[in-house]
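A closer look at the structure
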Amino acid sequence: MRSTLTTTSLMSDRFRVSDRATTAIATGVLHDLGIICDENMAKVIDRNKIRREKEKIRKVITEEDNQMKEVNAIYFDGRKDKTITQEKIGSKMYRRTIKEEHVSVISEPGGKYIGHVTPKNGTGNGIADSIWEHLESKGFDMSAVEAVGCYGTATNTGWRNGVIHKIELDIRCNGLYVCYILMSCHIGIYLNTWMELQQGQLHSVVQSENNSLAVRNFLL
């Protein structure tokens, strides 16, 4: 009977471990457990099997993500990374290293990865526009967005040019408002609090110093 290595492949992708290293680690574990030995090599794992399992699970996850067209809450975070690009000067190509803003976006509840974007600039308007365009290009129903989660930097939370404000203005075109959820190590508490507030349809500001919680709820 053929054994699947779905979990092993997922963990390998999650921690960015190469196929060769994953094969060596998995085979070593099987050897320590006595599942394989010099007399019985039937369960030995080769890197081609890991590669095939990775391709299979990536395809399944991609198909599931493509079917997800409605999100209730989006979370985003980004940073500036050094990116290698090629610049054409005359007839020759030259390699250049530039700094780019990279922003990852996920949906909650569930922590589904939506994608990542590269804003034209690091301003609140630039980040908000890139996130909005990416979600719309994937066919998401933006009228279902009720909350946005991010770190409490001025770029994200600025009352005039912040990412939250810009996204709220875009959603408000449909007559809706969003709830702002501050991200930190207590993210699970924030999400649960938001869901409780959502169920009660409260119009309030909740602050808790013990949990470093700050939630603005503008649901009508």
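Position numbers for residues start from 1 in each chain and track the written sequence from start to end. Predicted model: local features are reported for residues with pLDDT of at least 70 only, side-chain atom pairs are reported and counted for 80 or more only, and whole-chain, interface and lining totals are derived from all residues. For side-chain calculations, the full set of non-hydrogen atoms in the structure is used, while hydrogens and water are omitted.

The next thing to look at is the confidence of the model for the protein. By definition, pLDDT measures how confident the predictor is in each residue, and it falls between 0 and 100. This prediction gives the protein a mean pLDDT of 75; 75% of its residues lie at or above 70. When pLDDT is averaged over each helix and strand of the protein, the minimum, 37, is found for strand 6 (residues 205-208) and the maximum, 90, for helix 2 (residues 19-32). Should any heavy atoms of two residues lie within 4.5 Å, those residues are considered in contact. Under a pLDDT of 50 for its full length, residues 198-220 has, in the predicted model, 45 contacts with residues more than four places off or in other chains. The way it works is that DSSP assigns letters per residue, a run of H or I at least four long becomes a helix, a run of E at least two long becomes a strand, and they are numbered from the N terminus.

Throughout this description, the term salt bridge denotes a Lys or Arg side-chain nitrogen within 4 Å of a carboxyl oxygen of Asp or Glu. Under the criterion given, the structure shown has 7 salt bridges. With its nearest N and O atoms 2.6 Å apart, the salt bridge here joins R79 to D81. When salt bridges with common partners are traced through the structure, they connect D13, D19, K54 and R58 into a single cluster.

What we call a nonpolar core is a set of buried Ala, Val, Leu, Ile, Met, Phe, Trp, Tyr and Cys residues that are connected through their side-chain atoms within 4.5 Å. Accessibility here uses a 1.4 Å probe with only protein chains present; expressed as a share of the type maximum, an area under 20% marks a residue as buried, one over 50% as exposed, and anything in between as partly exposed. If you look at the biggest cluster of nonpolar residues, it comprises 20 residues, and the most contacted ones within it are I74, F76, I114, I131, L135, V148 and I167. Within the residue set of this core, elements represented by two or more residues are strand 1 (73-89), strand 2 (92-108), strand 3 (112-117), helix 4 (124-137), strand 4 (147-150) and helix 6 (163-172). Top contributing element to this core by residue count: helix 4, with 5 residues. If we ignore the near neighbours within four places in the chain, the residues touching I74 are V105, I106, I114, I131, L135, V145, A147, V148, G149 and I167. Formed by 6 residues, the second largest nonpolar core is a distinct cluster that contains L5, L30, I36 and I50.

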